[in-house]
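Remarks on the overall topology
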Amino acid sequence: MFGLGAYEITLLTTVGIAVTVALSLNLITGFCGQISLGHAAFYGIGAYCAALMTKAGYPFAFAVVSGAVLSTVFGLIVGLASLRVRDDFLAITTMGAGFLFLGVVGQWDFVGGEMGIAGIPDIGLGKTAFMALTLLIAGLTIIYSLYLKRSWLGFVFDAVAADEDTARVLGLNVSRYKLVAFAMGTALAGVAGAFYAHHIRFIDPDSFGFIESISILSMVVIGGIGSVWGVVFAAIVLSLLPQWFQFIDDYKLLVYGGLLFVVMRFSPGGIAEIAQKLWSRFRPEKSSKMEGVQ
Amino acid sequence: DTVKIGMNVPQTGFAAADGLSALVGAELAVEQANAAGGINGKMIELVVYDDQASPKQSVPIATKLIEKDEVVAAVSGSYSGATRAAAGIFQSAGVPYIAAYAVHPEITKSGDYVFRTSFVGEVQGRAGAKLAGDILGKKRAVVITLKNDFGKSLAAGFKEKAGDFGVDVVNEYEYSIKDRQFGPIVTKVKSDNPDVIYASGYFFTAGPLVSQLRSAGITAPIIGQEGYDSEKFIKIAKADAEGVIITTSLDRDSKSAETVDFIKAFEEKAGYSADMVAASGHTAIKVLVDALKKAGTGDAAALRDAIAQTNLTASTGTISFNDLGEVQKDVQVQVVKDGAWHHYAIISDEKLLAPPTN
Amino acid sequence: MLQLKGFACGYGEFTAVDNLDLTVEAGSVFALMGPNGAGKSSTIMSIAGHVQVSQGSVLFDGEDITHLPARQRVHMGIAVAPEGRRLFPDLTTVENLTIGGYSRPKEEEKGNRERVFDLFPRLAERADQFAGKMSGGEQQMLAIGRALMAKPRLLMIDEVSLGLMPKVIDMCYSALDSLRSEGITLLFVEQNTARALEVAEDVCVLESGKTVWKGSAADAKANPKLLDAFLGLAETTTDGN
Amino acid sequence: MLFVDLLSQGLIQGSIYALIAVGLTLVYGLLRILHVAHAGLFTLGGYFGVLITNQMGSFTLALAVSMVSVGLIGMAIYRLCYQPILNKPPFVALIASIGLFIAMEEIFRIVFGPFGLSFDNPPLQENIAVLAMNFKAAEILMFFGAIFLLGGLAIIAGKSRFGTAWKATVTDPEMAESFGIDTIKVRYVNFFIGSALAAAAGVMVALLNNLVEPTMGSVPSYKALAIIVLGGLGDVRGTLIAALALGVIEAFGTIYLGEYLDRDAIAFAFLILVLMVRPQGLFGKAA
Amino acid sequence: MARLLDIKNVTVRFGGVTAIDDVTFHLDEGELLGFIGPNGAGKTTMMRAITGVVTPQEGSIQLMGQELIGMPIHARIRKGMGLSQQLVRPLHNLTVLDNVALAAGYRKTANPLAALFKTDRRAERATALKILDRVGIADAANAEPANLSLGYLKRLEVARALALDPNVVLLDEPLAGLNHAEAEKLADTIQDLQSDNMTIILIEHNLGEVMRICTRLVVQDNGRKIGDGAPEVVMKDPIVRRAYLGEEGDNAAA
Ligand SMILES: Nc1ncnc2c1ncn2[C@@H]1O[C@H](COP(=O)(O)OP(=O)(O)OP(=O)(O)O)[C@@H](O)[C@H]1O
Ligand SMILES: Nc1ncnc2c1ncn2[C@@H]1O[C@H](COP(=O)(O)OP(=O)(O)OP(=O)(O)O)[C@@H](O)[C@H]1O
Ligand SMILES: [Mg+2]
Ligand SMILES: [Mg+2]
């Protein structure tokens, strides 16, 4: 279909999942200002839950929904923690939640322990349709994010991200809004995880570790925290990078690390900032409509 | 016109050390095969991609090897997760795939196109039990387990057969691959007062572990496995390494020309001495080359059958496969003596070492 | 003592104050006035070395300090009590004062602190409280006290009476008076026009970054148009209290 | 007896953590940057220690050279990497730092090889008996060295004028400048001390394990973050105590909870529990 | 006049400091109450106790007969309170206009689900612009708060409080940092609000304006209430004069 080979289909599926999970974190961290260094755990909860479901014979759709629900439940628990701790304390608390997830899953034979879950069934759609479905989900997530930014919910998130105390004095129920952000973000992460599990068809705790959390966060920050298109773009680029860089095999991670550093060092607003600068250079007379960074 | 063999191997990230050994071993095998005339006159080309030992990377790599590079077969020089995820792709594309040293039991269960030239963990664990009870004649064992697929399956095999050899497992402790400080475990082991310790790990965990056990005054023999099997282990543990016994696939004192050759050639090529992973990478390619010579490059099913029929002496011993694609070979027991690995015993109990068949 | 020549300052592209010429004589009291957003704070912070000077020069004792780092200005004798106080909130009162006197030898610290406590007894009562937890007025006292710890020859205070109660404002001004008698030069911003004109000798009035009036306080008082248009004082100069 | 043994093992582990984390706490305290690349400096210190000892034969010299050179590199990192992005949101420096850390690990691998290095003749291996317990001389040095260095640092940070200047620089560098504090110098000193301590920790850990690997910093990269948060972020005394506490918790945890959770999970479970009770950490000031 | 706010025996302690010591007073509908007292008297703390930022150790605070203590901040605000803080806290990622518009949209932000389904900000922005105009900073509507001078920010605080359409506004030193004319104008605006049926507590050190516009004064000193009543009467009280103006003796005239 569309002249795509299996390889391209695999990559596009990967990209679709990466975009979804990056935007899911963007809801929490970008929009609502609650930093999370343990997001991969929710991605993982979705993946594990969905994998167990389809292995037990339930349909994929049901597996996705239950992955999202379970992920949301844990997301709300961590969200409750965010009511208690802030900023860097929250960052480390969420990181801790990620390690707790790894510790529990790795020890728990019911979910395969350190061995992970192999033989996750093919959902029978075929690779192309699965890819299309993944991209559809990613597309819907983009649309939802764009809408959210314009809505009053997004407006309140802006305020909560800027200054919780002031937001309270303006009559905003900050706690509830934060929980909503965590719930939405982790639900989406759960969906992305369910797709991941049925794409790779093998999952183990390591796939959802600290490094994965960091790479998701990198997509958000490199893209431009809170921006939608920037994050989408960064998710695409960063998820494809390891494949593109195959030719520099030995230096791949070096280049990746260097890239994270260089982008942050020279364009702290991420790709969104670069795009905005370019845009205003070419359209100097009009005020730029590109969404950007604060 | 060449014959392409694919390989996924971690070249960067935390598993890069093993990746390097496996890759150099595989490259050596390819060079040797090409020097000997290749596959019926065609040269072999090894197509290598870095998978960072991650399933997420190995899946697109597998697809790419199959579709873009059109490899006739592939080898995994990677860890279990990446190998297991890629195995499914090779299986559904009908391209033979050989895991060089990944231990996850599920790998060969992907299907009939997937093979493994190294032991599954359980088999080696059972050999460890025999070593402890039968050969060393010990009774009270403490098991120190590396908490990953490798260590867990070793421990399972050990505990499964320990009783049969009269060994009582008095306690088991787990540690993570990131640990290098084992103070608390060592303290507890000391109070358990075992007469043998079965400790799984890789050279970089086992080196400090053995060292710390010894400096706490624990003198019980320590049994390790192929993860220890590197000169680096001795470099780290120094004098404390003396007397440590391991189960592995590579016999340093082997008289077999294959092994002697390999050890020499590898050191020349790599600049450091061969380890188990290097030998495994070498062996996997050798098995493939052998099968390719027999079956030619045209037909994947024929190639698969040829691999299944393998009966070949490689650096890691005489290789043949069971129905599941698991290797059947003897277990080498090596000991550290005078700062080097040496022959200690060989375990060739076919029933004990029978790999899983389903 | 202090001289601004063709001075302009701002933030990036934005020019907050343009083409300002002003001379503060040694030992005099100079008031900078004008409505919100006029550029008073920008001028002060620029003299302190924190807002970028885009044109002209700043001379102190005849020496060009336009590009001198802020840190060295305090050693020359310039101290500032900035707008918004800018205390170190998680340092205690005493620690804030210690920082204020950081440019002075350590031995002086205790004596200088006692002087500040004499001036603002309230601070002595709150000696070990974190600055961030103090009331608005207490913070203002501490900000002024902190600047005094540096034993400046030129003291700049942005909005002297902001948030202070009348009694403390009186104390403050009488303190400023005695500082002047010690030979300290004062440059301050004050919204309470009547008060400012009472104390100051010279006045400069800014609006939107432009100098609209300059001269002696006495002339300013006698200029109803100026008072009305820029200083918001109607013809009757009622004293705020 | 087992109890005392475990406790002492925990304290030794804790003192390693303390040496690593305290540099991080200094940096965090001053710049509010979660300086992950600190763990890279720790590894670099280890490499220098092993290489120089093996070359020159003197461990003391190696320790000194490693501390000084890593200290200088730390200063360079501050100047080139962090100073330009200080005013950006915290994520920015965090990601930059992570990128730097990944790149450093890879450079170590490429330059020093993937297998790691060991001492040819590791020093301080003698066993010393204390109250019927056996310790390596290196462990004893480690423990008392950490307590001594960090205790001293805590006193300086808490009491001296420089310590106050340091705290002032933390909250408002601009105002600190205004009162004559050379904030650039404060930051350089800070990075130098923090990085030199990381190097010392690296050398000591290299000695305890007789191994430095490219990935030696990966555990400290996040564990040290947990410790400084536990200690109250930016508080030297808190960091010291949090590090020791965590070492002890892990020691007992691995033995008695090892069946249910791994070492990291135990550490973080403890961290989360503490934060839920005291959101500002053990020694943090209430917000 | 109906009782709007009833403060009974409130005590607030911070560690060893007693910031408010057993204070009782009330606020009737339509009043413009001047709440004055020396620096550190506990005025701001009282504001915070009313809005819920600090919790009193003792006492009760009732709004229209309903106990506020124990209620979260946002819920109290939604009962019809607006707060203008002494230390300005603008939301830096929003423009001045949006700072106010967000407050003006309080009906849309009552719960997250409702907020999700609404996008139109035009009405709120129009309201916000009117309020900005009323406090005299409409010219800065599209500016970013970070670029504003203090006087503007103080008025932004007031504007935000008003945008909540409150029954009671608590203004903590809104006039500080404004010059005479500006202060007078804002004081007039505050008086207008009162005539628009808003009830107001005004904390101020600018006694001239306080005496001009307030209908009643409560004076606090060192955490204790030392005066309550008509402005002229209260200001004649020697205790008040001594505490506040620093006058010795009882004979000084108002
Ligand atoms: N950090 C900043 N970035 C950009 N512009 C600024 C900044 N600070 C102030 N401005 C602008 O500079 C101009 C002068 O501001 P400044 O603070 O000097 O005024 P001011 O006279 O002190 O006013 P006020 O009486 O309100 O304190 C104003 O237009 C203001 O918006
Ligand atoms: N969080 C706190 N911790 C400790 N003490 C505090 C805290 N908040 C306020 N205080 C103290 O309580 C007293 C009352 O402070 P408050 O801010 O209420 O005074 P205020 O009447 O508003 O004074 P001002 O007119 O100067 O603003 C002050 O002495 C202050 O130092
Ligand atoms: Mg100003
Ligand atoms: Mg106040």
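Residues numbered from 1 in each chain as written. Chains lettered and ligands numbered in written order. Predicted model: local features only at pLDDT ≥ 70, side-chain atom pairs only at ≥ 80, totals over all residues. Heavy atoms only, no water.

- By the naming in an unreviewed UniProt entry, chain D goes by Branched-chain amino acid ABC transporter permease and is assigned to Sneathiella marina.
- Turning to chain D, the UniProt annotation filed under Subcellular location (unreviewed entry) states: "Cell membrane".
- The UniProt entry for chain D carries the following text under Sequence similarities (unreviewed entry): "Belongs to the binding-protein-dependent transport system permease family. LivHM subfamily." (UniProt positions renumbered as here; feature names shortened; annotations may be inferred.)

- The name an unreviewed UniProt entry assigns to chain C is ABC transporter ATP-binding protein, from the organism Sneathiella marina.
- For chain C, the Sequence similarities (unreviewed entry) comment in UniProt is given as "Belongs to the ABC transporter superfamily."

1. Things to note about the coordination of the magnesium ion (ligand 3)
Residue and element names in this part refer to chain C.
- Protein ligation of the magnesium ion (ligand 3) involves Ser41 (OG) and Glu83 (OE), the donor distances falling in the range 1.9 to 2.0 Å. Here Ser41, found in helix α1 (residues 40-47), pairs with Glu83, found in the loop between β6 (78-81) and α3 (93-100); they are 42 residues apart in sequence, far enough to count as distant.
- With relative accessibility at 17%, the residue Ser41 sits in the buried group.
- Look at Glu83 and you get partly exposed, because its relative accessible area is 24%. (Donors = N, O, S within 2.8 Å, 3.2 Å for Na, K, Ca; no water. Helix = DSSP H or I, 4+ residues; strand = E, 2+ residues; numbered from the N terminus. Buried < 20%, exposed > 50% of the residue type's maximum accessible area, 1.4 Å probe, protein only.)

2. Some remarks on the pairing of strand β7 (residues 168-175) of chain B
Residues and elements named next belong to chain B.
- Pairing analysis gives seven bridges linking strand β6 (residues 140-146) to β7, with the strands arranged parallel. The residue of β7 that forms the bridge with Val142 is Asn171.
- Handedness of the crossover joining β6 and β7 through helix α5 (residues 149-162) is recorded here as right-handed. (Pairing = 2+ DSSP bridges. Right-handed = clockwise from strand over helix to strand, strands pointing away.)

3. Digging into the sheet that holds strand β5 (residues 66-67) of chain E
All names here are of chain E.
- Spatially, four strands are ordered β2-β1-β4-β5 in an open sheet, and the strand pairing comes out antiparallel. The outermost strands of the open sheet, each flanked by one partner alone, are β2 (17-28) and β5.
- Lying over the sheet, helix α1 (residues 43-51) contacts β1 (3-14), β2 and β4 (58-63), oriented at roughly 115 degrees with respect to β1. (Contact = heavy atoms within 4.5 Å. Axes fitted to C-alpha atoms, helices over the stretch in contact; angles between N-to-C directions.)

4. Remarks on the pattern of salt bridges
- Using the criterion set out here, one finds 67 salt bridges over all chains in the structure.
- For Arg86 of chain C, the salt bridge identified is with Glu174 of chain D, shortest N-O distance 2.8 Å. Taken together, the residues Arg86 of chain C in the loop between β6 and α3 and Glu174 of chain D in helix α7 (residues 173-178) connect one chain to another.
- With a closest N to O distance of 3.0 Å, Asp120 of chain E and Arg122 of chain E form a salt bridge.
- By relative accessible area, Arg122 of chain E is classed as exposed at 64%. (Salt bridge = Lys/Arg side-chain N within 4 Å of Asp/Glu carboxyl O.)

5. Section: the domain arrangement of chain C
All names here are of chain C.
- For chain C, the assigned domains read domain 1 (2-77 + 152-239) and domain 2 (86-151).
- Relative to domain 2, the C-alpha centre of domain 1 lies at a distance of 23 Å.
- Residue-level contacts link 20 residues of domain 1 with 14 residues of domain 2.
- Summed over both sides, the interface between domain 1 and domain 2 buries roughly 1,200 Å², with carbon and sulfur atoms accounting for 73% of that surface.
- Broken down residue by residue, the surface that domain 1 buries against domain 2 is led by Val74, Pro152 and Met171, which jointly contribute 30%.
- Counting every contact that joins domain 1 to domain 2 gives one salt bridge.
- Note that Arg115 is salt-bridged to Glu182, the shortest N-O span being 3.6 Å.
- Along the contact surface separating domain 1 from domain 2 lie two residue pairs in polar contact (both at pLDDT 80 or more).
- At the level of secondary structure, the elements contributing two or more residues to the side of domain 1 that touches domain 2 comprise α2 (70-76), β7 (154-158) and α7 (166-181).
- If you tally residues by element for the side of domain 1 that touches domain 2, the top one is α7, at five residues. (Domains from an automatic or database assignment. Buried area = accessible area lost by both parts, 1.4 Å probe. Polar contact = N/O pair within 3.5 Å; in protein donor to acceptor, adjacent residues only side chain to side chain.)

6. Concerning the packing of aromatic side chains
- Under the definition given, this model contains 44 aromatic pairs over all chains.
- Aromatic side chains Phe252 of chain D and Tyr256 of chain D sit 6.5 Å apart centroid to centroid with 15 degrees between the ring planes, which places their arrangement in the stacked category. A residue pair is termed a helical-turn pair when its members lie 3 or 4 positions apart in one helix, as Phe252 of chain D and Tyr256 of chain D do in helix α10 (residues 236-256) at four residues.
- Among the residues examined, Phe252 of chain D registers a relative accessible area of 18% and is labelled buried.
- Directly above the ring of Phe266 of chain A sits Arg265 of chain A, whose terminal nitrogen or CZ lies 4.4 Å from the centroid.
- The residue whose ring lies beneath Lys329 of chain B is Phe119 of chain B, and the NZ or CZ to ring-centre distance is 5.1 Å. (Phe/Tyr/Trp six-rings, centres within 6.5 Å; stacked < 30°, edge-to-face > 60°. Lys NZ or Arg CZ within 6 Å of the ring centre and 35° of its normal.)

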